[in-house]
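Now for the letters of each chain:
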Amino acid sequence: MKAKVMILNAALLLPSVSCSTREERSETGCAADGIKHVYVIGIDGLSSEGLNRAETPSMDGLMRDGVLCDPVRTVLPSSSSPNWASMLMGAGPEIHGVTSNEWQPGDDGLPPAVTNDYGYFPTALSVICAQRPGIKAGMFYHWEDFGRLFEKTLPHADRHFPDEYGTAAAMAEYIRAEKPEFIFSQFDHVDGAGHRYGHMTREYLDAVARADSLVGMILDAVREAGIRDETLIIVVSDHGGVGKGHGGTDLKEVTVPFILGGAGVKKGFHVQTEVYMYDVAPTIVYALGLKAPHAWRGRAIESAFEGVETPQDPLPLNRIKSF
């Protein structure tokens, strides 16, 4: 097993920024210092254990120079649609209504608590587009069904590809050509390897390593576009797995990593507070200096950003051990 990055003492890494508190950011609408672009790289089926055991130099570099939240707890069921929806929508299935992989827009199942003008529980995409009209926002995904989880008329680019390499290559070219403010992507091959060969098999770990090479491809595109110093990269996953399946409550299924690297975040920092799947959307909006809708239940991971101290918990708590 490879040794993962060492986490530095965050108390030594707190330079000031122009607006560091929730109140200041809400009043001024300013983004975290220097962030103009937020790109989310979603790796379906990447568990905390899988990241720890596979060869992942690109993601290791992001953690070494950025922030690791690990473990992050998924929503239940620990399957793809409920968790990708929770990332995009800042709330859990009981609120946004995406309760299974069989969900389709307009289903007769559990309705969302609220809907926007597009008939969806509000996504990060809709929040960004409402507060930044004309923004360039891209959705790039390998799993076709991911495309039913967001408002289809909103993205500047909405592209599905049948394989992970095509998805990454198109995303990289879009970054170089358009320098968009926001991208959310989804790569499906790690999940596919887990279902076909079993989680934590050599084939699964090889698929994680291939995902890492795609992260490297996207990081190269950011550098080539000349926006490295103003781009926040977020790497997320929807669930892990046990054997050839997932959807249950085993810790290997419900704990995943969350990495933030690039502009505006601390260096070599391990988030000490709890992080949940529905915290992704509020963190995206927070980084761009926008206001989150009241209907969201998640919270931005503010302590990951430069100039924001880790909040002190009023209760002594015991936390689960990471893989």
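Keep in mind it's a predicted model, so treat the numbers as computed, not measured.

## Details of the overall build of the protein chain
Secondary structure assignment for the protein chain yields eleven helices and eight strands. For the protein chain, the proportion of its 323 residues judged to be buried stands at 57%. Sequence-distant contacts, at least 24 apart, represent 74% of the contacts inside the protein chain between residues at least 6 apart. Accessible area for the protein chain stands at about 13,600 Å²; split by element, carbon and sulfur atoms hold 50% of it.

## Focus: the packing of aromatic side chains
Two aromatic rings, taken as a pair, are described by how far apart their centres are and by the angle between their planes. Counted according to the given criterion, the structure contains ten aromatic pairs. Their ring planes at 45° and their centres at 5.5 Å tell us that Tyr141 and Phe146 sit as a pair that is tilted. An identical accessibility class is assigned to Tyr141 and Phe146; each is buried. Taking 5.9 Å as the distance between ring centres and 75° as the angle between the ring planes, the aromatic pair formed by Tyr141 and Phe150 counts as edge-to-face. For the pair formed by Tyr141 and Phe150, the shared burial category is buried. Through successive ring pairs, a cluster of aromatic residues spans Trp84, Tyr141, Phe146, Phe150 and Phe184.

## What about the pattern of salt bridges?
With the rule as written, the count across this model stands at eleven salt bridges. The closest approach of N and O atoms between Glu49 and Arg53, which form a salt bridge, is 3.8 Å. In this pair, Glu49 and Arg53 both sit in helix H2 (residues 48–53), four residues apart, roughly one turn of the helix. By relative accessible area, Glu49 is classed as buried at 15%. Lys136 is paired through a salt bridge with Glu178; the nearest N and O atoms lie 2.6 Å apart. Placement of the pair is Lys136 in the loop between helix H6 (124–131) and strand S3 (137–141) and Glu178 in helix H7 (residues 164–178), with a sequence separation of 42 residues. Look at Glu178 and you get partly exposed, because its relative accessible area is 30%. Ionic contacts of the salt-bridge type, sharing partners, join the residues Glu49, Arg53 and Lys252 into one network.

## Thoughts on helix H9 (residues 202–224)
Between its first and last C-alpha atoms H9 spans 33 Å; for 23 residues at 1.5 Å apiece the expected length is 33 Å, and the two agree. After H9 finishes, the residue Gly226 shows a positive phi value of roughly 75°.

## Quick word on the confidence of the model for the protein chain
On average, residues of the protein chain carry a pLDDT of 90, and 89% of them reach 70 or more. For residues 3–23, every residue scores under 50 in pLDDT, and the model assigns this stretch 37 contacts once sequence neighbours within four places are set aside. Segment residues 25–30 is flagged for pLDDT under 50; beyond a separation of four residues in sequence, or across chains, it makes 15 contacts in the model.

## Examining the sheet that holds strand S1 (residues 37–43)
Spatially, S4-S3-S5-S1-S6-S7-S2-S8 is the arrangement adopted by the eight strands of the open sheet, whose pairing is mixed. With partners counted over all chains shown, the strands left at the sheet margins are strand S4 (157–160) and strand S8 (269–270), one partner each. Of the strand pairs in this sheet, S3 and strand S5 (residues 182–187) are connected by five bridges, and their pairing is parallel. Bridge assignment links Gly138 to a residue of S5, and that residue is Ile183. Sheet strands touched by helix H4 (residues 80–89): S1, S3, S5 and strand S6 (231–236). Its angle to S5, the strand with the most contacts, is close to 170°.

## What to know about unusual backbone geometry
For residues that are not glycine, phi is negative in most cases, and the peptide bond is trans in most cases. Here the amide bond leading from Leu76 into Pro77 is cis, since omega sits at 0°, within 30 degrees of zero. Unlike most non-glycine residues, Lys179 shows phi in positive territory, near 50°. By secondary structure assignment, the location of Lys179 is in the loop between H7 and S5.

## Here's the deal with the side chain of His199
Residue position: His199 is located in the loop between helix H8 (189–197) and H9. When its relative accessible area of 10% is taken as the criterion, His199 is described as buried. The residues contacting His199, other than those within four sequence positions of it, are Gly45, Gly194, Tyr204, Gly240, Gly241, Val242, Gly243, Lys244 and Gly245.

## Structural notes on H8
Turning to H8, its buried residues number three or more, namely His189, Val190, Asp191, Ala193 and Gly194. Against S1, H7, S5 and H9 lie the buried residues of H8.

## Description of the packing of H7 against H9
Two elements in contact, H7 and H9, have axes whose closest approach is 8 Å; the angle formed by their N-to-C orientations is 15°. The angle between H7 and H9 falls in the class roughly parallel. Crossing of H7 against H9: the hand is right-handed. Where H7 approaches H9, its residues Glu164, Tyr165, Ala168, Ala169, Met171, Ala172, Ile175 and Arg176 are matched on the opposing element by Arg210, Ser213, Leu214, Met217, Ile218, Ala221, Val222 and Glu224. In terms of residue class, the contact of H7 with H9 is built from eleven nonpolar, one polar and four charged.

Conventions adopted
Residues numbered from 1 in each chain as written. Predicted model: local features only at pLDDT ≥ 70, side-chain atom pairs only at ≥ 80, totals over all residues. Heavy atoms only, no water. Helix = DSSP H or I, 4+ residues; strand = E, 2+ residues; numbered from the N terminus. Buried < 20%, exposed > 50% of the residue type's maximum accessible area, 1.4 Å probe, protein only. Contact = heavy atoms within 4.5 Å. Areas by Shrake-Rupley, 256 points an atom, 1.4 Å probe, with all protein chains shown as cover. Phe/Tyr/Trp six-rings, centres within 6.5 Å; stacked < 30°, edge-to-face > 60°. Salt bridge = Lys/Arg side-chain N within 4 Å of Asp/Glu carboxyl O. Expected span 1.5 Å × (residues − 1). pLDDT = per-residue confidence, 0-100. Pairing = 2+ DSSP bridges. Axes fitted to C-alpha atoms, helices over the stretch in contact; angles between N-to-C directions. Parallel < 35°, antiparallel > 145°, perpendicular 65-115°, else oblique. Left-handed = near helix turned anticlockwise from the far one by under 90°. Nonpolar A, V, L, I, M, F, W, Y, C, P; charged D, E, K, R; others polar.

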